[in-house]
Structures are given as structure tokens and as C-alpha cells.
Amino acid sequence: MAPPNTWKTFIANRVSSIQTITYGNPWQHVAGKENPADLVSRGLQIDDLLKSSLWKDGPTWLKESPSKWINESSETMPTEIDLEPRIIVQANVTSKEVNPIFSVRSTLLPLVRVVALCLRFSANCQKPNQRETSVFLTVREINQAKMHLVRLAQEEIFLEDIKSLKKMYQVSSKSTLKLLGPFIDKDGIIRVGGRLRNSLEGYSTRPIHGKRAVTSVLRKCQRCFRFKPKPIQQPMGQLPSTRVRPARPFLITGIDYCGPFYLKPYHRRASPLKAYIAVFICFTTKAIHLELVMDLSTAGFISALRRFIGHHGRPHEIHSDNATNFQGAKHELYDLHKNLSSKQGQTSIGTELSQQGISWHFIPPRAPNFGGLWEAAVRSAKTALKKEIGSSQLTHENFCTLLVQIAAALNSRPLTPLSDDPADTNALTPAHFLIGTSMNALPDTDLTAIPSNRLTHYQQRQQMFQRYWQRWSREYLTGLQQMSKHLRPSPIRVGTLVVLREDNIPPLQWSLARIIEVHPGDDGVVRVVTVRTTRGIYRRPVNRICPLPDESMNSNEDS
């Protein structure tokens, strides 16, 4: 009887039981017609069963001597019997294992030293008379170890290419090296030729996809990421309802400060007067109002706000930077930040606004991009004005006059054509919403090319204004042609470990934080998050946070 493992499960189990019970006894085959057990299994009448000698005595040859049983029976199985053998499916799977030598050390330099010492030991055993006994590894031994590791690595990745190059001096058409002209050098290492064989660069500077591999490793390294964190960049958000719904001019107003500027003192020997510009911009019409502020106190801020209300009426909402955003470069607006952040300043401003029926809205801390409307207005009013005035000092009256002219020029910017007639050169401007027509200035002679020392004080002021307008047209308008970027949103999850960007602090000193809450906008894109640090809980825009690489990608970081 054949072993049980050659049959299917049902038969194998019973054959195994029978062989266990009759262990050591030989088995012979009985044909089905001579087997008494088949009489019952195949069915038989009772009368026939009682008369059957086969049922009573068994097959006739069973009474013979055992030596005749082998002749009478067959040692082989009949071909008509279904053996029901077990079907065995075999699959050959080839797994490419990494050479264990690369697991000896987790970094390159220690691994090279280990290999160099092993190669020295092998060389000393083969050549005892030329033993190397130096305490330190030589440059030659270090280079040999590097070449040995490179050769092992290439044998894992390009084994078929190495065989083809050794046999036919070329690689197959399916190889990734086919376009690079590969060959094997004297050290048994694959080198690429391509079209740079005549260049002065060595072979080591011509690997395939080297930059991609290095970038991939650096992207997954937390230590490298801390040196140069990459903040999240979300797509541009939807314009708020206050920007796209009809309203009277300056009903919804944004405010910001710029400066300082220096005015001519009242007395000849006195120091110059420091002044600032409060920029008010309408959310709906983009109209601009400029107010000269002589200090950064709370009283000065409220006075400028009252003068603005006297010109354009009481706004319903005022939007501005968060108080921390007034800490500009070189602490130019530090006093304003201190006054707005103090309890006394907030009480004074809150009382004034509540009496006027005005609600105040702040953008998230350290997120100037949320106030792009007034930031653009500040740039329009400040950049060219600072460059044009330079170190010259105007009197208080002349500076106020210049600010009014600049505001009139900015309010004359075209928003859209007034008609579809190609002959009509008129355009809709913010001034149309203020006075019903464009604020065209009185015609003046072009004074931009005349030296300042030949002009009167009034002409010098007009020359400044004309140069300012030229600079605004040349520098600001051309900058509006830039296309938007960051078109794809980045997913932000609660619990992500991030680095908080800080100004004037090296990246390695930036704080680690954990995102505990996200604040998606109306379009579902998260642009503001709440984070927890060791110092407290803060709300920050996403462009001020840098998510660390996934910890699952950094399994080798601890080593």
C-alpha cells in the first residue's frame, strides 16, 4: 500500500489509520469480484447471500498456501482503479536578500572602516611577509573598501547587466543602463559613459538618478529637515463675503500702518519729527485713504480713526493685523504693538469702537497673507514713497498735501473698462464710488527731468508726486502680472508633529508643536490650525508650520 501522503485528504486519513493498526503486516490486493466485502457494498439478495460460498469462505485461492497468493494476485494496482492521488502545486519564488554586510553598521563611514579592516586581515593572511601593521587605516585601504562595497551593491541591483557586460560587452534592451553606455572597469565596477566620456568629470560624478536618490533620503530624514524646514503651502482661499458683496465705500475697512517717515522740525536746531502713515482701504471698492500719524500711541490711533470717519463716515467693520503683527522689521512699529496689546490700550480702543458701533476683526497671529488687501495698499503707498523722498524732509503741511495727492492717484487706478466700446478709453476707478468721477489732478508741467535746486517748494512737491506716480506704474503694476501658485491643497491631520516658524531665530531653535485642532475654511481647505507647545496653546496659519517627515519613514533615525 502506498504512503498516505500520496492520496487526497479523505483517503489519506483512512489509509494512515489502517497502516497504524496493522503496522508490520504485508498487504496484498484482492480483485473486486473476489472480495466478500463488495457483496454488501454493491447490493445482493438475501437468498443469494445465504447461498454464496464467497461470503462464507472467501476466495478459493485464499485456502492455498501463501506462496501462491502472490501469483494469484497482483502486486501492482489495476489501471482501472481511480487512485485519487494528491495534487501538489509547487511555486518557485526567488527572493532577493540584501547582503548582510550592509547591516553591520547603519552609516557609511563606520561600515567602510569595518570592511577595510576585514580586507587588511585577508591580505595579511595571504601575504604574511607583507603584513600591514599600521594602527590607522591608509587612504588606499579606505578606497579599496569603498570599491568593494560598491561592487557588492551593484551585484545585487545589476547582476544580469554585469553578466551581459562580461559576456557580450553590452546590456540587454530592457536594462535601465542601455542609454548610458555602461562598461566594467578594471575594478569590476560598472561605469557609465553616455555622451560625457570626454568631459573632465570623474566617473563618480556620473551616477544614474543620483540626485533623485539623495533627495529621497533627505526628505525622510528628520535631522536634515530641522536644518531647512519646509512650510505647508495651501491654495489661495475664497474671497470673503465682505470683498464680493455690494456696499458703500469704506463700510468694511482694512487698516495698517507704515513708516516711519521724518518731517522737517518746527525749529531749525530741533531733531526731525518722526511720523507714520495709517492706511485705510475699502474692501469693496479698493479705495484708499491715507492719514498722517505723529506717534504710535493709542490716542494717536484713535485720532486718526476719528479723522477718517469724518471724511468717509463710520464703517461697520474694521479688519487689521493681529497686534503681534505690528512688530515689524527693526521694531519700527513696536510702540504700536505695545499699546494695542496692553489692557489699557485695548480698553480705550474697545470703548471708542463700541461707542461708534464698529466691530473690530483681527486676522490670525503672524499671518500677513490673510491681510493681502491692505498689505498691497501699504506697499503701493510706502515703497515708492520711501524711495522717492529718501533723506529729504518735508514740512508737516507739505507731507499732508503729498499724501492727499498720492491717495488721489491710487484712487484713480483703473478697475475695469466703463464700456465695451474700443474707442472709449475711460475706466471705472475707486474714485467713481467716492465722488462719481475720476480724481484727475490739475494739469501740471512735467517736472521729473528738472533739477530740484531750480524748483520752488511747491514745484519740488509736485516733482515728488510725479516721480512717485512713475515709480508706482513701473514697479507695482508690472508685479501684478505674476501668476498664482500652490494650486493643490496639502492634507493636515490632528496630531501631526510640526515645527513652528519663528522670525529672526535659527531653524534649529524653532519650537516643536503638535496640531490639536484644524480650522478649515468654507472651501474645506485648512489654512489655520491650533497647536500645543511646551509653552502653551497657539493659533497659527499653516504657512508658519512645517510638518516633520513621517516617523515610519525614519526607522533608522535612532541608530
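Residues numbered from 1 in each chain as written. Predicted model: local features only at pLDDT ≥ 70, side-chain atom pairs only at ≥ 80, totals over all residues. Heavy atoms only, no water.

**Side note on helix α6 (residues 108–126)**
Working step 1: Across its 19 residues, α6 extends 27 Å between first and last C-alpha, which sits within 8% of the 27 Å expected from 1.5 Å per residue.
Working step 2: Taken together, the buried positions of α6 are occupied by Leu111, Val112, Val115, Ala116, Arg120 and Asn124.
Working step 3: Buried residues in α6 make contact with α7 (139–157). (Helix = DSSP H or I, 4+ residues; strand = E, 2+ residues; numbered from the N terminus. Expected span 1.5 Å × (residues − 1). Buried < 20%, exposed > 50% of the residue type's maximum accessible area, 1.4 Å probe, protein only. Contact = heavy atoms within 4.5 Å.)

**Details of the sheet that holds strand β7 (residues 359–362)**
Working step 1: In spatial order, the strands read β5-β4-β3-β6-β7; together these five strands make up an open sheet with mixed pairing. Edge positions in the open sheet fall to β5 (288–293) and β7, since each of these has one partner strand only. Taking each pair of neighbouring strands and ignoring which way they run, the sheet shows an average axis angle of 30°.
Working step 2: With nine bridges connecting them, strand β3 (residues 252–263) and strand β4 (residues 273–282) associate as antiparallel partners. Paired with isoleucine 255 across the strands is phenylalanine 280, a residue of β4.
Working step 3: Sheet strands touched by helix α12 (residues 298–312): β3, β4, β5, β6 (317–320) and β7. Its angle to β5, the strand with the most contacts, is close to 145°. (Pairing = 2+ DSSP bridges. Axes fitted to C-alpha atoms, helices over the stretch in contact; angles between N-to-C directions.)

**Remarks on the sheet that holds strand β12 (residues 526–533)**
Working step 1: Spatially, the five strands line up as an open sheet ordered β13-β12-β11-β10-β14, and their pairing is antiparallel. With partners counted over all chains shown, the strands left at the sheet margins are β13 (536–541) and β14 (545–547), one partner each. Strand-to-strand twist of the sheet, defined as the mean angle between neighbouring strand axes without regard to direction, takes the value 45°.
Working step 2: Two strands pair when backbone bridges link them, and strand β11 (residues 512–520) and β12 are joined in this way by six bridges, in the antiparallel orientation. Opposite arginine 514, over in β12, you have arginine 532 as the bridge partner.

**Comments concerning the confidence of the model for the chain**
Working step 1: When the pLDDT values of the chain are averaged, the result is 75; 75% of them are 70 or greater.
Working step 2: For residues 72–76, every residue scores under 50 in pLDDT, and the model assigns this stretch five contacts once sequence neighbours within four places are set aside.
Working step 3: Scored below 50 in pLDDT, residues 551–559 shows ten contacts in the model against residues more than four places distant or in partner chains. (pLDDT = per-residue confidence, 0-100.)

**A closer look at the pattern of salt bridges**
Working step 1: Summed over the entire model, instances satisfying the criterion amount to four salt bridges.
Working step 2: Across the pair aspartate 187 and lysine 186 runs a salt bridge, and its minimum N-O distance is 3.6 Å.
Working step 3: Among the residues examined, aspartate 187 registers a relative accessible area of 30% and is labelled partly exposed.
Working step 4: By relative accessible area, which is 78% here, lysine 186 ends up exposed. (Salt bridge = Lys/Arg side-chain N within 4 Å of Asp/Glu carboxyl O.)

**Digging into the side chain of glutamate 291**
Working step 1: Among the structural elements, glutamate 291 can be located in strand β5.
Working step 2: Within the local environment of glutamate 291, its side chain forms a polar contact with the side chain of histidine 289, the two groups lying 2.8 Å apart.
Working step 3: Side-chain polar atoms of glutamate 291 contact the side chain of arginine 307, separated by 2.8 Å.
Working step 4: Residues within four places of glutamate 291 in sequence aside, it is in contact with Tyr276, Ile277, Ala278, Phe280, Ala304, Arg307, Phe308, His311 and Leu403. (Polar contact = N/O pair within 3.5 Å; in protein donor to acceptor, adjacent residues only side chain to side chain.)

**Overview of the nonpolar core**
Working step 1: In this structure, Ile277, Val279, Ile288, Leu290, Leu385, Phe399 and Leu403 are the most contacted members of the largest nonpolar core, which totals 28 residues.
Working step 2: Looking at this core, the elements that each hand over two or more residues are β3, β4, β5, α15 (372–389) and α16 (396–410).
Working step 3: When residues in this core are grouped by element, the largest group, seven residues, is from α15.
Working step 4: With residues near it in sequence (within four places) discarded, isoleucine 288 still touches Phe250, Val279, Phe280, Ile281, Ala377, Ala407, Leu410, Asn411 and Arg413.
Working step 5: Formed by 21 residues, the second largest nonpolar core is a distinct cluster that contains Ile302, Phe308, Leu353 and Ile358. (Core = buried A, V, L, I, M, F, W, Y, C linked by side-chain atoms within 4.5 Å.)

**Comments concerning the environment of proline 507**
Working step 1: One can find proline 507 in the loop between β10 (497–500) and β11.
Working step 2: It is 6.9 Å that separates the C-alpha atoms of proline 507 and lysine 228, two residues lying 279 residues apart in sequence.
Working step 3: With near-sequence residues (within four places) excluded, proline 507 lies in contact with Arg226, Phe227 and Pro229.

**Points about the packing of α12 against helix α14 (residues 343–356)**
Working step 1: Viewed as axis vectors pointing N to C, α12 and α14 meet at an angle of 15°, and their least axial separation amounts to 10 Å. Regarding the angle of α12 to α14, the classification is roughly parallel. As α12 packs across α14, the resulting crossing turns out to be right-handed. For the pair α12 and α14, contact is made by Thr298, Phe301, Ile302, Leu305, Arg306 and Ile309 and by Gly345, Ser348, Ile349, Glu352, Leu353 and Gln356, respectively. (Parallel < 35°, antiparallel > 145°, perpendicular 65-115°, else oblique. Left-handed = near helix turned anticlockwise from the far one by under 90°.)

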